[in-house]
Amino acid sequence: MNPALTLATARRILTQLRHDRRTVVMLILVPSLLMVLLRFVFNNELMFSRTAPALLGVFPFLIMFLITSITTLRERTTGTLERLMTMPIGRLDLLFGYALAFGSIAVVQVGLAAGISLAWLGLDIVGSVGMLLLIAVLDALLGMALGLFVSAFARTEFQAVQFMPLFVLPQILLCGLFMPRGQMGWLLNWLSNVMPLSYAVEGLTRVTTSSTIDATLLRNLLIVAVCALLALMLGAATLRRRTP
Amino acid sequence: MANSAILTAGLRVRRGGREVVRDVGFEVPRGVITGLLGPSGCGKTTLMRAIVGVQIVEGGTVTVLGHDAGSPQLRRRIGYATQNPAIYADLTITEALRYFAAVLRAPMSDVDRVIAEVGLTDHAGKLVGSLSGGQHNRANLAVALLGKPELLVLDEPTVGLDPVLRDDLWALFRRLADAGATLLVSSHVMDEAARCDRILLMREGVLLADETPGELRARTGATDLEQAFLRLVRAVL
C-alpha cells in the first residue's frame, strides 16, 4: 500500500473525466434532475419525503456501478491494466485510487441532490443530514465496488452494461422501495436479506423518520461498508499480474 | 550466466489449447540490441509477455536481470511497450506519462525527456486519442522509456511508421544500448534485423536461430536476411 500511488491514480481518473465534460455534467446533475422529476410525479411533499431518501441512495448506487464497470473494463481491454501490472503498483493502490476518485464524485453528486431536495423540493427528514449523506455516499461506493468486481466477468462493453439490470435492478426491486420487505414471501425476503442495498435503504428510511442513531442504524451502516470493502477485495482478486 | 540480461531454458507456453512457445531456450547479453523476428503469430508477443512476467507459462525458466521473470524487484527495471498502444486515450500525452512516471517513481523531469526522445514534443498537450497511428505508437513507446530501465522489451515498436521515423527510432535504440541498456525488439520485417546486434528467429513457437546477422548470413549463404530466413524455414521443413 502506497498512499502516493493511490492519490496519483485518483488524480489520473479525475483528469480523464475532466476531458469528458459531458460525462461530468451528467454525473453531477442527473441524480438531482431525477429527484426533481420524482417530486413532480408524486406532486405531494409527504409522499416525496417518504421515498426520496431511499432514492438518494439508489441513484448514485446505480450510476457508480455503471461507470465503474465500464471504466475498469476499458482499463482491462486497452491493455493499460496489464501495463500497470508490470509496474511497481499494488492492486489495492489502484482500487483505492478508483474508490477515492469515484467516491469524491459521489460526494458532490449526493450533496447536490440532497441539497436541492431539502431546500426546494420539500424533503423533510427527522434525523441528521450528515448521516443521510454518509449512507448515500457509502451506497455509491458500494455500487462502485460491485461494478469493479463484475467488470472482471465482462468481455465487452455490451456485456458490462447488461450487468446493470442483472446485478442492480433485483436489488432495487427487493430493497423495500416497492414493497415492505416484511411482506415478501420467504424466498424473496431471504434474497432481500442478502442484498446489501436493502440495508442501505433501510438506513436511509430510518434517518428520515427518527433522529436517534441506534444499534440497528449502525448495524446497517456497517453491513453496507463491509459489503463495499468485500466487493473491493473480490475486485482486487480479479486483477491478475499473470494471465493466460 | 549472471551477466546475461535474459536467460530462458525449456520455455513452454500454451494458449487456447495450443502450444505457442515450444521448448525455447536462449540468452540475451546485456547492453546490446537483440531482434526478435518471425512472421505474425509465431509466438513473439507471447515470449515477450513471458519475459516481462505477465504470461502464465507451462514449463521452463525465464531469468531476467538475475531474477525470476515477474519478480517484484524487476518492476522498475524493465520497460515494456505492447504492440497495441496501452496508454490512456482520454489523457494528453503529458498527463498520461506523468501518471506512469508517478507509478514508477521516476523523476517528473523524465516526462519531457521521453516525449522529446520519441519526437512528440510538439504534440505533448494533445489527447492521446486524437493522435495519428504513428504518434500513438511513439507515445506508447515513451512510457517504456520512463525511469531509464535497464531492459527494454519493445513489441513491434516501428510498425506503421514512415522510413524517416523508423530510422530515428533505431538511432534512439542504438543510443540507449550505447548507454548500457539492453533492448529486445520484435519485428516481422526482416530488413530491421540488420540493425540488431543479435537476432532470435522464431517460427511457429520454435526458435530457429540465435546468432548475429553476420553469422546467420554466413550459415545460410544468403546475402540478405529475408533470404536467410526463407532458407532456414525450408531447411527445417
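**Student:** Go over helix α7 (residues 157-174) of chain A, please, and point to the residues and values.
**Tutor:** Residue and element names in this part refer to chain A. Look at α7: 26 Å from first C-alpha to last across 18 residues, which is about the 26 Å you get at 1.5 Å a residue. Considering bend angle alone, the principal kink of α7 is centred on Val168 and spans about 35°; proline Pro170 follows within four residues of it. Turning to α7, its buried residues number three or more, namely Ala160, Phe163, Val168, Gln171 and Leu174. The inward-facing, buried residues of α7 contact α3 (45-77), α6 (129-150), α8 (186-194) and α9 (196-209). Of the residues one or two after α7, Gly176 is the one with positive phi, at around 100°.

**Student:** Lay out the interface of chain B and chain A in plain terms, naming residues and giving numbers.
**Tutor:** How big an interface is tends to be reported as the loss of accessible area on association of its parts. Taken together, the contact pairs 24 residues of chain B with 22 residues of chain A. Listed by contribution, the elements that provide at least two residues to the side of chain B that touches chain A are β6 (78-81) and α2 (93-104) of chain B. In terms of residues, the side of chain B that touches chain A owes the most to one element, α2 of chain B, which gives 5 residues. Of the residues contributing to the side of chain B that touches chain A, the split by class is 14 nonpolar, 5 polar and 5 charged.

**Student:** Tell me about the domain arrangement of chain B, and name the residues and values.
**Tutor:** All names here are of chain B. Once the domains are mapped, chain B shows domain 1 (1-77 + 150-237) and domain 2 (80-149). Here domain 1 and domain 2 have C-alpha centroids that lie 23 Å from each other. Contacts between the two partners involve 17 residues from domain 1, matched on the other side by 15 residues from domain 2. For the side of domain 1 that touches domain 2, the secondary structure elements donating two or more residues are α1 (44-52), β7 (151-154) and α5 (163-178). In terms of residue count, the dominant contributor to the side of domain 1 that touches domain 2 is β7 (4 residues). By residue class, the composition of the side of domain 1 that touches domain 2 is 9 nonpolar, 2 polar and 6 charged.

**Student:** Account for the sheet that holds strand β2 (residues 18-29) of chain B, with residues named and values stated.
**Tutor:** Strand-to-strand pairing in sheets goes through backbone hydrogen bonds, with the strands running parallel or antiparallel. All names here are of chain B. Pairing in this open sheet of 4 strands is antiparallel, and the strands run β2-β1-β4-β5 from one edge to the other. Every interior strand has two partners, whereas the edge strands, β2 and β5 (67-68), have only one. Here strand β4 (residues 59-64) runs beside β5; their pairing, made up of 2 bridges, is antiparallel. Counterpart to Thr63 in the pairing with β5 is Asp68.

**Student:** Lay out the pairing of β2 of chain B with the relevant residues and their values.
**Tutor:** Residue and element names in this part refer to chain B. In terms of strand pairing, strand β1 (residues 4-15) meets β2 through 8 bridges, oriented antiparallel. Looking across to β2, one finds that Leu11 is bridged to Val24. What sits between β1 and β2 in their antiparallel hairpin is a turn of 2 residues, with Gly16 showing a positive phi close to 55°.

**Student:** Describe the environment of Ala228 of chain B, naming the residues involved and giving the relevant values.
**Tutor:** Assignment of secondary structure puts Ala228 of chain B in helix α7 (residues 225-236). For the pair formed by Ala228 of chain B and Met190 of chain B, sequence separation is 38 residues and the distance between their alpha carbons is 9.6 Å.

**Student:** Describe the pairing of β7 of chain B, listing the residues and the values that go with them.
**Tutor:** All names here are of chain B. Of the two faces of β7, the one lined by Leu151 and Val153 and the one lined by Leu152 and Leu154 are each fully buried. The pairing of β6 with β7 spans 4 bridges and is parallel. In the strand pairing of β7, Tyr80 is matched with Val153. Taken together, the 4 bridges between β7 and strand β8 (residues 182-187) define a ladder with parallel strand orientation. Residue Leu151 lies in a different strand from β8, and its bridge partner there is Thr182.

**Student:** Could you give an account of unusual backbone geometry, naming the residues involved and the relevant values?
**Tutor:** Negative phi is the rule for most residues except glycine; trans is the rule for most peptide bonds. Although it is not a glycine, Asn43 of chain A adopts a positive phi angle of roughly 55°. Tracing the backbone through its elements, the reader meets Asn43 of chain A in the loop between α2 (21-42) and α3. The phi dihedral of Leu65 of chain B is positive, around 50°, even though this residue is not glycine. Looking at the secondary structure, you find Leu65 of chain B in the loop between β4 and β5. Residue classification places Leu65 of chain B among the buried residues on the basis of 20 C-beta atoms within 10 Å.

Cut-offs applied
Residues numbered from 1 in each chain as written. Chains lettered and ligands numbered in written order. Predicted model: local features only at pLDDT ≥ 70, side-chain atom pairs only at ≥ 80, totals over all residues. Helix = DSSP H or I, 4+ residues; strand = E, 2+ residues; numbered from the N terminus. Expected span 1.5 Å × (residues − 1). Bend = angle between axes of the 7 residues up to and from the residue. Buried ≥ 20, exposed ≤ 12 C-beta atoms within 10 Å, placed from the backbone. Contact = placed C-beta atoms within 7 Å. Nonpolar A, V, L, I, M, F, W, Y, C, P; charged D, E, K, R; others polar. Domains from an automatic or database assignment. Pairing = 2+ DSSP bridges.

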